[in-house]
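Read off the chains here:
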Amino acid sequence: MENPNTIPERMREIEIFGVPALFTSKAIPPEAVYPGMFRYELQTGDGQRPHRLAEGPGGKFLGTVLTPVPVPMEGQREIGPGELSLDTGAGYYTPSEFEEKYLSPDYDPASRKERYGKES
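Residues numbered from 1 in each chain as written. Predicted model: local features only at pLDDT ≥ 70, side-chain atom pairs only at ≥ 80, totals over all residues. Heavy atoms only, no water.

**A closer look at the pattern of salt bridges**
To keep things clear, this is the line we draw: A side-chain nitrogen of Lys or Arg and a carboxyl oxygen of Asp or Glu constitute a salt bridge if their distance falls within 4 Å. Secondary structure elements are taken from DSSP: a helix is a run of H or I of four residues or more, a strand is a run of E of two residues or more, and numbering for both begins at the N terminus.
Going through the model one piece at a time under the given rule, you end up with five salt bridges. With a closest N to O distance of 4.0 Å, E9 and K26 form a salt bridge. With E9 in the segment before β1 (11–16) and K26 in the loop between β2 (19–24) and β3 (38–44), the pair connects residues that are 17 residues apart, well separated along the chain. Residues E97 and R10 are paired through a salt bridge, measuring 2.6 Å at the closest nitrogen-oxygen approach. Here E97 is found in helix α1 (residues 95–103), whereas its partner R10 is found in the segment before β1, with 87 residues between them in sequence.

**So, the nonpolar core**
Inclusion rule: Definition used in this section: a nonpolar core is a set of buried Ala, Val, Leu, Ile, Met, Phe, Trp, Tyr and Cys residues joined via side-chain atoms within 4.5 Å. Working definition: with a 1.4 Å probe on protein chains only, accessible area under 20% of the residue-type maximum means buried, over 50% means exposed, and in between means partly exposed. The contact criterion used is simple: two residues touch if any of their non-hydrogen atoms lie within 4.5 Å.
The biggest cluster of nonpolar side chains holds 13 residues, and the ones touching the most others in it are I16, F17, Y40, L42, L53, V65 and V71. Going through the elements one at a time, β1, β2, β3 and β5 (60–67) are the ones with two or more residues in this core. With residues up to four places along the chain from it excluded, the contact list for V71 reads F17, Y40, L53 and R77. Grouped together as the second largest cluster of nonpolar side chains are 10 residues, A32, V33, Y34 and L66 included.

**Regarding the pairing of β5**
Cut-off, in case you're wondering: Here a strand pair is declared whenever DSSP counts at least two bridges between the two strands.
By the criterion of burial, β5 is predominantly enclosed, with six of the eight residues buried. Pairing between β2 and β5: three bridges, direction antiparallel. Pairing of T24 across the sheet is with T64, part of β5. As paired elements, β3 and β5 share seven bridges and run antiparallel to each other. The partner of R39 across the bridge, within β5, is L66.

**A few points about unusual backbone geometry**
At F17, a position not held by glycine, the phi torsion is positive, near 55°. Here F17 lies in the loop between β1 and β2. Residue classification places F17 among the buried positions, given a relative accessible area of 14%.

**Digging into the environment of A21**
One can find A21 in strand β2. Sequence separation between A21 and M37 is 16 residues; the distance between their C-alpha atoms is 9.5 Å. Look past the residues within four positions of A21 in its chain and what remains in contact with it is R12, E13, I14, I16, V65, L66, T67 and F98.

**Quick word on the packing of aromatic side chains**
We count it as follows: Centres within 6.5 Å are what make two rings of Phe, Tyr or Trp a pair, Trp counting through its six-membered ring; a difference in plane orientation under 30 degrees is then read as stacked, over 60 as edge-to-face, and the rest as tilted.
The tally for this structure, following the rule as stated, stands at one aromatic pair. Look at F98 and Y102: their rings are 4.8 Å apart centre to centre, the planes differ by 50°, and that puts the pair in the tilted class. Highlighted residues: F98 and Y102, both in helix α1, separated by four residues, approximately one helical turn.

Right, here's the structure in full:
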């Protein structure tokens, strides 16, 4: 298994329950989660729309969500209207870049273009 510190995959930034997060449609096993990130499964019930966020398997898997802080829940949490934004327009980040953006005291948004090749 790859070292989670070096996984280069960029994941889409989303927002769930007011928390910025990373989303991928791939399953990320718990042992491969970037250190300091919290892993959840985005699941659907009977339909195709996201229905709940869960700490483990349960419903139909839609993708993996990584957050920089824990999401308050008891095993799973239903997603209500307005509690999930899959299209924030914030871009795609590796877990390392996401950690720097939200947790680094030295993060400078003006330098994003130079570091990530993106406009601010």
